[in-house]
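# Understanding the architecture of this molecule
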Amino acid sequence: MDALQTKVEPLQKIASEKSVAEKISGSEILLRSLVAENVDTIFGYPGGAIMPVYDALYHYADKINHILVRHEQGAIHAAQGFARVSGKVGVALATSGPGATNLITGLADALIDSTPVVCVTGQVFAHLLGTDAFQETDVVNTTIPVTKWNVQVTEAKDIAPAIARAFYIARTGRPGPVLVDITKNAQNEIIDAPQYKKCEGIRTYKPKPVLQPTQIEDAAQLINSARKPYILAGQGIILSGATKELIAFSEKTGIPVACTLLGLGGFPTNHPNYVGYLGMHGNYGPNVLTNECDVLIGIGMRFDDRVTGNVSKYAKQAKVIHIDIDKAEINKIIQTTVAVHADAKEALTALVEKCNGAKHTDWLQKFKALNEIENEKIIQKEFHPTGALMMGEVIHHLSGLTKGEAVIVTDVGQHQMTTSRYYEYKNPRTSITSGGAGTMGFSLPAAIGAKYGAASKQVVAVIGDGGFQMTLQELGTIMQYKIPVKILILNNNFLGMVRQWQELFHEKRYSFTEMQNPDFVKIASAYNIPAKKVDSRVNLVDALREMLASDGPYFLEAVVGKEDNVFPMVPAGASVSDVLLEAPNKINK
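A brief structural summary.

Conventions and cut-offs
- Residues numbered from 1 in each chain as written.
- Predicted model: local features only at pLDDT ≥ 70, side-chain atom pairs only at ≥ 80, totals over all residues.
- Heavy atoms only, no water.
- Helix = DSSP H or I, 4+ residues; strand = E, 2+ residues; numbered from the N terminus.
- Rg over C-alpha atoms; globule rule 2.2 N^0.38 Å.
- Buried < 20%, exposed > 50% of the residue type's maximum accessible area, 1.4 Å probe, protein only.
- Contact = heavy atoms within 4.5 Å.
- Areas by Shrake-Rupley, 256 points an atom, 1.4 Å probe, with all protein chains shown as cover.
- Lys, Arg positive; Asp, Glu negative; His and termini not counted.
- Charge placed at Lys NZ, Arg CZ, Asp CG, Glu CD.
- Core = buried A, V, L, I, M, F, W, Y, C linked by side-chain atoms within 4.5 Å.
- 1 Å grid on protein atoms, 1.4 Å probe; cavity = no way out; pocket = protein on both sides within 12 Å on 5 of 7 lines; lining within 4 Å.
- Points joined across faces, edges and corners; volume = space filled by probe spheres on them.
- Nonpolar A, V, L, I, M, F, W, Y, C, P; charged D, E, K, R; others polar.
- Pairing = 2+ DSSP bridges.
- Phe/Tyr/Trp six-rings, centres within 6.5 Å; stacked < 30°, edge-to-face > 60°.
- Lys NZ or Arg CZ within 6 Å of the ring centre and 35° of its normal.
- Axes fitted to C-alpha atoms, helices over the stretch in contact; angles between N-to-C directions.
- Polar contact = N/O pair within 3.5 Å; in protein donor to acceptor, adjacent residues only side chain to side chain.
- Salt bridge = Lys/Arg side-chain N within 4 Å of Asp/Glu carboxyl O.
- Parallel < 35°, antiparallel > 145°, perpendicular 65-115°, else oblique.
- Expected span 1.5 Å × (residues − 1).

Okay, the overall build of the protein chain next. A tally of regular secondary structure across the protein chain gives 25 helices and 20 strands. Whereas a compact globule of 589 residues would reach a radius of gyration of roughly 25 Å, the protein chain reaches 26 Å, a difference of no more than 12%. The 589 residues of the protein chain split such that 57% are buried. Considering only intrachain contacts with a sequence separation of at least 6, the fraction spanning at least 24 residues in the protein chain is 77%. Put simply, the protein chain shows about 24600 Å² of open surface, and 52% of that area lies on carbon and sulfur atoms. Averaging the locations of the 57 positively and 59 negatively charged side chains of the protein chain gives two centres separated by 4 Å.

By size, the foremost hydrophobic cluster in this structure holds 99 residues, and its most contacted members are Tyr-230, Phe-249, Leu-296, Ile-297, Ile-321, Leu-398 and Leu-488. Among the elements that take part in this core, helix α16 (residues 361-383) stands out by supplying seven residues, more than any other. Excluding its chain neighbours within four sequence positions, the residues that come into contact with Ile-321 are Ala-219, Leu-222, Ile-223, Val-295, Leu-296, Ile-297, Gly-298, Val-338 and Val-340. In terms of nonpolar packing, the next biggest core, distinct from the first, is built from 46 residues, Ile-432, Ala-461, Ile-463 and Leu-475 among them.

The tally for this structure, following the rule as stated, stands at two cavities of 30 Å³ or more. The calculated volume of the largest cavity comes to roughly 70 Å³. In this structure, the largest cavity is lined by Arg-84, Gln-235, Ile-238, Leu-239, Leu-262, Arg-429, Ser-431 and Ile-432. Contributions of two or more residues to the lining of the largest cavity are made by α11 (235-239) and β16 (431-432). With three residues, α11 is the single largest residue contributor to the lining of the largest cavity. Here the residues of the lining of the largest cavity are counted per class, giving four nonpolar, two polar and two charged. The computed volume of the second largest cavity comes to approximately 40 Å³. In terms of lining, the second largest cavity is formed by Glu-382, Met-390, Met-391, Gly-392, Thr-418, Asp-564, Asn-565 and Val-566. Here the lining of the second largest cavity is composed, by residue class, of three nonpolar, three polar and two charged.

Once that is clear, we can look at the pairing of strand β7 (residues 177-183). In the case of a regular strand, side chains alternate between the two sheet surfaces. Where burial is concerned, most of β7 is hidden: seven out of the seven residues are buried. Residues Pro-177, Leu-179, Asp-181 and Thr-183 of β7 are buried on one face, and the alternating residues Val-178, Val-180 and Ile-182, pointing to the opposite face, are buried as well. In this structure, strand β6 (residues 149-153) lies alongside β7, joined through five bridges in parallel fashion. Looking across to β7, one finds that Gln-152 is bridged to Asp-181.

Turning to the packing of aromatic side chains, a few remarks are in order. Taken as a whole and judged by the stated rule, the model has 13 aromatic pairs. When the ring of Phe-267 is compared with that of Tyr-274, the centres are 6.4 Å apart and the planes differ by 25 degrees; the resulting orientation is stacked. Judged by relative accessible area, which is 16%, Tyr-274 ranks as buried. The structure contains a cluster of three or more aromatic residues connected by ring pairs, namely Phe-43, Phe-82 and Tyr-452. Cation over ring: Lys-63 sits above Tyr-60, and NZ or CZ is 5.5 Å from the ring centre. Over the face of the ring belonging to Phe-494 we find Arg-499, whose NZ or CZ atom lies 5.8 Å from the ring centre.

If you walk across this open sheet you meet the six strands as β3-β2-β4-β5-β7-β6, and the pairing is parallel. Single-partner strands in this sheet number two, and they are β3 (65-68) and β6. With direction set aside, neighbouring strand axes in the sheet form an average angle of 20 degrees. Of the strands in this sheet, β5 (117-123) and β7 touch helix α6 (residues 104-112), which is tilted by about 145 degrees from β7.

On to the sheet that holds strand β11 (residues 274-277). The strand order across the open sheet built from six strands is β11-β10-β9-β12-β13-β14, with neighbouring strands paired in parallel fashion. Strand pairing shows two members of the sheet lacking a second neighbour, β11 and β14 (338-341), which therefore form its edges. On average, each strand axis in the sheet is inclined to that of its neighbour by 15 degrees, with strand direction left out of account. Sheet topology places strand β12 (residues 295-299) next to strand β13 (residues 319-324); five bridges connect them, and they run parallel. Bridging across to β13, Ile-297 finds its partner in Ile-321.

Turning next to the side chain of Asn-273. With respect to the helices and strands, the residue Asn-273 is situated in the loop between β10 (257-259) and β11. Side chain to side chain, Asn-273 and Ser-250 meet in a polar contact 2.9 Å long. For Asn-273, the contacting residues outside a window of four places in its chain are Ser-250, Glu-251, Gly-254, Ile-255, Pro-256, Val-257, Phe-267 and Leu-364.

Next up on the list: the environment of Ala-572. Here Ala-572 shows up in the loop between β20 (554-559) and α25 (584-588). Expressed as a C-alpha distance, the spacing of Ala-572 and Arg-306, which sit 266 residues apart in the sequence, is 8.7 Å. Not counting residues within four places of it along the chain, the set of residues in contact with Ala-572 comprises Met-280 and Trp-501.

Before going further, it helps to spend a moment on the pattern of salt bridges. Two side chains of opposite charge can pair, provided their charged atoms sit close to one another. Taken as a whole and assessed by the stated rule, the structure comprises 21 salt bridges. Lys-63 serves as the salt-bridge partner of Asp-62, at 3.7 Å between the closest nitrogen and oxygen. Residue Arg-174 pairs with Glu-329 through a salt bridge whose shortest N-O separation is 2.8 Å. Of this pair, Arg-174 sits in the loop between α8 (159-171) and β7 while Glu-329 sits in the loop between β13 and β14, and the two are 155 residues apart along the sequence. A cluster of three or more residues bridged by salt bridges with shared partners is formed by Arg-174, Asp-326, Glu-329 and Lys-332.

Inspection of the secondary structure assignment puts Gly-47 in the loop between β2 (41-44) and α3 (51-57). Counting along the chain gives 47 residues from Gly-47 to Ala-94, while the straight-line C-alpha distance between them is 7.3 Å.

Moving on to the packing of helix α4 (residues 72-86) against α6. Their axes nearest at 8 Å, the elements α4 and α6 cross at an angle of 20 degrees. As judged from the angle between their axes, α4 and α6 are roughly parallel. Between α4 and α6, the contacting residues are Gln-73, Ile-76, His-77 and Gln-80 on the first element and Thr-105, Gly-106, Leu-107, Asp-109 and Ala-110 on the second. When its residues are assigned to classes, the contact of α4 with α6 shows three nonpolar, five polar and one charged.

Once that is clear, we can look at α4. For an α-helix the count is 3.6 residues per turn, leaving residues at separations of three or four pointing the same way. For α4, which comprises 15 residues, the first-to-last C-alpha distance of 21 Å matches the rise-based estimate of 21 Å (1.5 Å per residue) to within 8%. Of the residues one or two after α4, Gly-87 is the one with positive phi, at around 80 degrees.

So, in structure tokens, the structure goes:
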């Protein structure tokens, strides 16, 4: 009897211990939730209101790699770069007040460019909300216009459900940014450890529309009867993973394909059906022939003003098919003949089955003929110039040396348009840029995130001298973590894009666009980053090779012509068919 009692008592003790729930803080609940969502890298900056999370993070070094940026804007741009190149949700962490408001530019950028990021911000204690406490800002109401969804959490029990919902909303449907604001008391509160449940659906949110066969039938009928069909491929191709489906669709139907700025890489530039880059500084043929096609097929793109020019003169002769996962984009700017509210990959898969095989040789030849004119008047002069280095030749050599397979992260301005024109992207998720918002300062931190999202790929940040100086402090992040990002500055000592407009449309009144720049090489060297300056054509290719061959980070400044312009150009308010190949005063002569 005594022996039996001895055996039973330990078993009862074990059962009793198992029945006692584990107690953990709200901060640890947050971190466990992130781990459950397979987050292994976050970008952040600590502060008072988020300090409990950072205290808990101290013990998660083996599970979560935290990258300390130098500014909260750097954190969210890095999260964007990570998300864009990897297809995963990027994560940024910031404190309350100015820490949270420093995320707003990146949130706006991520919303318009459909980038899935989750930002977690600390907030003052719940009992202090609304009292103008130190570093208190109403971040929820402040960020409503620039987030897909946001929420404030004031109790620890609500942290895990909020994170689960945040990740689900950020990555599904048309992706976008989400913000979760957590009060300090919720971070500190000790409760029973919850069992994390991933969100698999929200009753009032239907992210993926059901493909309608009648819409596909109607679209196929238009395509099969078209004589001059034309595909405009946007970022929706990349987000839905539809590159192979688009290639198959174009090859079967013989339809030429042009890519938007954010769609670059979604269709390989070396494909015979690829006709170029769309937009204000896009290729000549793709712009002009928009107003000659008979069926225009927009896939995963917004018909924004940089693509359409003057909407009243845009593709009036064409029947329009618009395929988009976001119903709000359909008929918002361009009225459609057939609207296909669907995921791009599903729609293209169905269209391949329904559309007839065809060839449009003469139509494709029209694009090639116009692009030959552009090649003669513009491209060859930029690839083989005399005098100062030109942006076009720098990017042309970069593209050749990397075989079009590097991840290229651009900022905003002339260098961005030049890179979009001349870098020959072969693969999706290799062109990372700020599109709709046009955020100067995007490139350097986004390149940091891109390198963490695609560690095995060569990552090159191509930046203008103006945009670089907006976030150059992130060189400190690169130095601290020895991130092997290559930084290529195209320095013309001007805010180049604004200067171009001032030259062409404001009689060369260069009002506050000329820049007296510091010694960029010395700045990079101060951050222990190998750096070089090249201003000679003779040394350009060798300098690019040295940059690309470097094992760690490398900084290369290329000094380019001060008053070089980017052409073609569709002037603001003009029709896409009125694209300029040179400055208006030269045309008038």
